[in-house]
Amino acid sequence: MKVAVIGGGAAGFFAAIHVKKNYPKAEVVLLEKTTKILSKVKVSGGGRCNVTNACKSIPELAKAYPRGSKLLKKAFHEYNTVDTIQFFEERNVPLVTQEDQCIFPASNDSQTIIDCFLYEVKKNNIVIFKKRSVIEIELEKIGVNLVFSDTDLAPLFVNKVIIATGGSPKRSGLVWLEKLGHEIIEPVPSLFTFNMPGEKIRELMGVVINPAKVSISGTKLKATGPLLITHWGMSGPAILKLSAFGARLLSDKNYEFSVNVNWTNEPDQNLILDRIREIINAHPKKQLSSFRPYGIKERLWMYLLEKIKLDSIRKWSEIGKKGINKIVNILSHDVYKVQGKTTFKEEFVTCGGVSLESIYHDSMRSKLSDHIYFAGEVMDIDGITGGYNFQSAWTTAFIAAKLR
C-alpha cells in the first residue's frame, strides 16, 4: 500500500508517523508545497511550542473549539491530551505544565518537538518531498492520482491520501478540494487581537489585568481571562477567545465594533457600588490616587480617573453621588472602539475550510472517496489559544492515520 500525506505541518507529520505505525509495510510519503516544514510548530508559543493543554475532561476540552466541538467531543475519546503527553514522553520529550494549564516541552524550545518528529520520520523511512504542490486529485478505483503544479513532475498514484494542508487564508486555496465535491466553508481569520487606533488606552501598553470580563456590544459574545493592553489596542486570552468565537460575526462587521470591558471581574454592578461605598466609609480622607478599588494597577486606575474627569488628588469623601456613579460605570462597563485586527503573534488560525458535513466524523474519511482523509485545520475546526489547535491536529491526524 502506498500512502501520501499532503502538508508538512503538525497534522501532516503526526498522520504520517501514525500511518507507518499502523501499517509498517506501507510506503509513506509526505508532500510539502514549500521549502519549509513544521514552520507553524517552530513559531508557536513564542518559539516554545504549546503542544497541548492539561485539561483532561473531554466535555470541558471540547468547549475550547468554536467550530468542530461536536466532532472532537467524540474524537477525544479515541485520542486526547493524556495521549499526547504520553506520545512525547515516550519519545524522551519531557513536558511541563504552566499555571494556565498550557503544556510546553521542558526545553522551552519548539525545536525539541521538530527534532522528535524528524527522528520518527527518519526511523520509519517516511520520505519527505518539498516543493510538491498538489493542485488536483484524480479519483481512481483503487486510489487517487495526485497532480502537481510543476508540470515536469508526473502525477503520483497512491492508494490512500491524507490531506493536512492547514488553514487557508483564502477560498482559492481550497478550490482543488471543492472541485471534488467537498463543501467549503468560507475561511476567515480566527485568533486575532483588537486594533484601537483612536483610543488613548494604548499608552498603557504592557499593563495586564487578570481577570477581566470582556464582551462585544450588540452581541452575546463574552469572555473572561487575562487582558493585555498593547501599543495597538488589546490582546490576551480574553480578547483572543472573543475573536475565536466571534470570528465570522466580526468579519461581517469588517472588524469595526465596540468592546466592553469590566475591569473588576464582578458582574453585579450593585456589588461594585457597595465596594465603592465601603472604601468611602473606611478611607474618607484618602485621595483617589492612593486607594485603588479591586487592586487595579496604578497606571490603569489613573487613566480611568482621567477618562471620567475625576481629579486624582480629590478625597474619596468628596466625590459625591455623581462621582460614585462614574467610577462604578467605568469599572463595570468601559467601552472602546475597535477598528481592525492584528494576527496573534505569528500564529495564523482560520475559521472555515472543508465542511465537516463532507467528512465521516469517526474516520476523518471523505464522503466522496474511500481513498481520501483529512486531518487538522484544513477542516472547519479551530480552537482558542492554549494548545487546543495542536491537540485537534494530533487527534484528527491519529484517527485519519487508521485509514478505516
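Residues numbered from 1 in each chain as written. Predicted model: local features only at pLDDT ≥ 70, side-chain atom pairs only at ≥ 80, totals over all residues. Heavy atoms only, no water.

To continue, consider the nonpolar core. By size, the foremost hydrophobic cluster in this structure holds 85 residues, and its most contacted members are Phe-88, Phe-117, Leu-146 and Ile-163. Those residues in contact with Phe-88 that sit more than four places away from it in its chain are Val-51, Val-93, Leu-95, Ile-113, Cys-116, Phe-117 and Trp-394. Val-214, Leu-227, Leu-300 and Ile-319 belong to the second-largest nonpolar core, a separate cluster that totals 47 residues. (Core = buried A, V, L, I, M, F, W, Y, C linked by side-chain atoms within 4.5 Å. Buried < 20%, exposed > 50% of the residue type's maximum accessible area, 1.4 Å probe, protein only. Contact = heavy atoms within 4.5 Å.)

Turning to the layout of surface pockets, a few remarks are in order. Unfilled space is identified by rolling a water-sized probe across the atoms. Estimates place the volume of the second largest pocket at around 220 Å³. What lines the second largest pocket is Lys-213, Val-214, Ser-215, Lys-222, Ala-223, Thr-224, Asn-260, Val-261, Asn-262, Pro-267, Ser-332 and His-333. Looking at the lining of the second largest pocket, the elements with two or more residues in it are β13 (208–216), β14 (222–229) and β16 (256–262). (1 Å grid on protein atoms, 1.4 Å probe; cavity = no way out; pocket = protein on both sides within 12 Å on 5 of 7 lines; lining within 4 Å. Points joined across faces, edges and corners; volume = space filled by probe spheres on them. Helix = DSSP H or I, 4+ residues; strand = E, 2+ residues; numbered from the N terminus.)

Moving on, we get to the pairing of strand β5 (residues 102–105). Where strand β3 (residues 52–53) meets β5, two bridges bridge the pair, whose relative direction is antiparallel. By the bridge assignment for β5, Asn-53 is matched with Cys-102. Sheet topology note: the strand β4 (residues 95–97)/β5 ladder contains three bridges and is antiparallel. Residue pairing in the sheet places Val-96 in a bridge with Phe-104 of β5. Between β4 and β5, which pair antiparallel and follow one another directly, the connecting turn spans four residues, one of which, Gln-101, has a positive phi of 75°. (Pairing = 2+ DSSP bridges.)

Two elements in contact, helix α1 (residues 10–22) and helix α13 (residues 388–400), have axes whose closest approach is 8 Å; the angle formed by their N-to-C orientations is 30°. When the interaxial angle is binned, α1 and α13 end up roughly parallel. Considering how the two elements wind past one another, α1 and α13 form a crossing that is right-handed. Facing α1, whose interface residues are Ala-10, Ala-11, Phe-14, Ala-15 and His-18, α13 presents Phe-390, Ala-393, Trp-394, Ala-397 and Phe-398. (Axes fitted to C-alpha atoms, helices over the stretch in contact; angles between N-to-C directions. Parallel < 35°, antiparallel > 145°, perpendicular 65-115°, else oblique. Left-handed = near helix turned anticlockwise from the far one by under 90°.)

Overall, antiparallel pairing links the three strands, which are arranged β7-β8-β9 in an open sheet. Two strands close off the open sheet at either side, each with one partner strand: β7 (134–139) and β9 (156–158). On average, each strand axis in the sheet is tilted by 25° relative to the strand beside it, whichever way the strands run. Relative to β9, strand β8 (residues 144–148) runs antiparallel, the two sharing three bridges. Bridge pairing links Val-144 to Val-158 in β9.

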